[in-house]
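# Examination of the molecular architecture
These are the residues of each chain, in order.
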Amino acid sequence: LYLFLLVHFCLLMFCGWGIGNSYFFSNYFVLGMGMWVLSDKANTTASLFFASFIAATTIGDVLLMIFFHVTENLNGNTKFSLFMTCINMLLKPVTFIYAYAE
């Protein structure tokens, strides 16, 4: 789980360049939940919260991919941010399964 959280953090650093703050802060909240899971592995509530918030932000990523590029003027930074968001979104189901199984 350490590796997944590190990769999510690195991808979020690149996602924040051209996308709104709500995406940025909601995903950092999920990373905070992941730190809670790492600090207290015996707590099943933390794992369930983390898994549910991963699922919720994945749905938010899909909606962002559908609607954001239509309303915004896409420059180079925004295109790069959307690409990093897509990679982050593809990694989230793996993190969800791993966090839920742990």
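First, a word on scope: everything that follows refers to the structure included in this document. Keep in mind the model is a prediction, meaning the values are calculated, not measured.

Here isoleucine 59 lies in helix H3 (residues 44-71). Sequence separation of isoleucine 59 and alanine 46 is 13 residues, and the distance between their C-alpha atoms is 20 Å.

Here we come to the packing of aromatic side chains. In this structure the tally under the stated criterion is seven aromatic pairs. Between phenylalanine 49 and phenylalanine 53, the ring centres sit 6.1 Å apart and the planes meet at 15 degrees, which makes this aromatic pair stacked. Placement of both phenylalanine 49 and phenylalanine 53 in helix H3 is noted, with a separation of four residues, approximately one turn of the helix. Among the residues examined, phenylalanine 49 registers a relative accessible area of 37% and is labelled partly exposed. Residue classification places phenylalanine 53 among the partly exposed residues on the basis of a relative accessible area of 27%.

The rules behind each value
- Residues numbered from 1 in each chain as written.
- Predicted model: local features only at pLDDT ≥ 70, side-chain atom pairs only at ≥ 80, totals over all residues.
- Heavy atoms only, no water.
- Helix = DSSP H or I, 4+ residues; strand = E, 2+ residues; numbered from the N terminus.
- Phe/Tyr/Trp six-rings, centres within 6.5 Å; stacked < 30°, edge-to-face > 60°.
- Buried < 20%, exposed > 50% of the residue type's maximum accessible area, 1.4 Å probe, protein only.

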